[in-house]
Amino acid sequence: MKRAKELARLAFDVLRFEELVGNVTVEGEQKQLREFAQRGLSGSLLIPFRPTRLDEFSRLQIRHLGRRVLEIRWSKAGDVKLVAYEPDEWEELLNQLANVF
């Protein structure tokens, strides 16, 4: 879990500088969507559009060559759920992308 959180922080740093793609409805909640795709690595970040409840979730997902390798969800209430984590070479790619910022 510790390594997955470290990688999620790196991915969050990359994604927060990406342009807003738009607003989408996920599981009945309005979310803002940001995405990136570079060098076989892609990521998406969903955050509440207008957070009104502590239990509204945010989600960060990373894919390497189309395969989901990291997904983590969290809420303002402090709930954190690691949905998927597959260690591999994509971690170094993410580190390189994050260090550009």
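Residues numbered from 1 in each chain as written. Predicted model: local features only at pLDDT ≥ 70, side-chain atom pairs only at ≥ 80, totals over all residues. Heavy atoms only, no water.

Undergrad: Any details on the pairing of strand E6 (residues 80-85)? Residues and values, ideally.
TA: Direction of pairing for strand E5 (residues 67-75) relative to E6: antiparallel, over a ladder of five bridges. When the sheet's bridge partners are listed, leucine 70 is paired in E6 with tyrosine 85. Between E5 and the antiparallel strand that follows it, E6, lie four residues; glycine 78 among them carries a positive phi value of about 100°. (Pairing = 2+ DSSP bridges. Helix = DSSP H or I, 4+ residues; strand = E, 2+ residues; numbered from the N terminus.)

Undergrad: Residue-level account of the sheet that holds E5, with values.
TA: Taking strand neighbours across the sheet as the criterion, the six strands line up as E1-E2-E3-E4-E5-E6 in an open arrangement whose pairing is antiparallel. For this open sheet the edge positions go to strand E1 (20-26) and E6, each flanked by a neighbour on one side alone. Across the sheet, the axes of successive neighbouring strands diverge by a mean angle of 15°, strand direction being ignored. In the sheet, E1 pairs with strand E2 (residues 29-38) via six bridges, with the strands oriented antiparallel. The partner of valine 26 across the bridge, within E2, is glutamate 29. Where helix H1 (residues 2-15) meets the sheet, its contacts fall on E2, strand E3 (41-48), strand E4 (57-64), E5 and E6, and the angle it forms with E5 comes to roughly 90°. The strands touched by helix H2 (residues 90-98) within the sheet are E2, E3, E4, E5 and E6, with E3 carrying the most contacts at an inclination of about 65°. (Axes fitted to C-alpha atoms, helices over the stretch in contact; angles between N-to-C directions. Contact = heavy atoms within 4.5 Å.)

Undergrad: With reference to specific residues and values, describe the packing of H1 against H2.
TA: The geometry of H1 relative to H2 is characterised by a closest axis approach of 9 Å and an angle of 40° between their N-to-C directions. Here H1 lies oblique to H2, going by the angle between them. Relative to H2, H1 is oriented so that their crossing is left-handed. For the pair formed by H1 and H2, the contact residues are Arg3, Leu7, Leu10, Ala11 and Val14 on the first element and Trp90, Glu91, Leu94, Asn95, Leu97 and Ala98 on the second. Residue composition of the contact of H1 with H2, grouped by class: eight nonpolar, one polar and two charged. (Parallel < 35°, antiparallel > 145°, perpendicular 65-115°, else oblique. Left-handed = near helix turned anticlockwise from the far one by under 90°. Nonpolar A, V, L, I, M, F, W, Y, C, P; charged D, E, K, R; others polar.)

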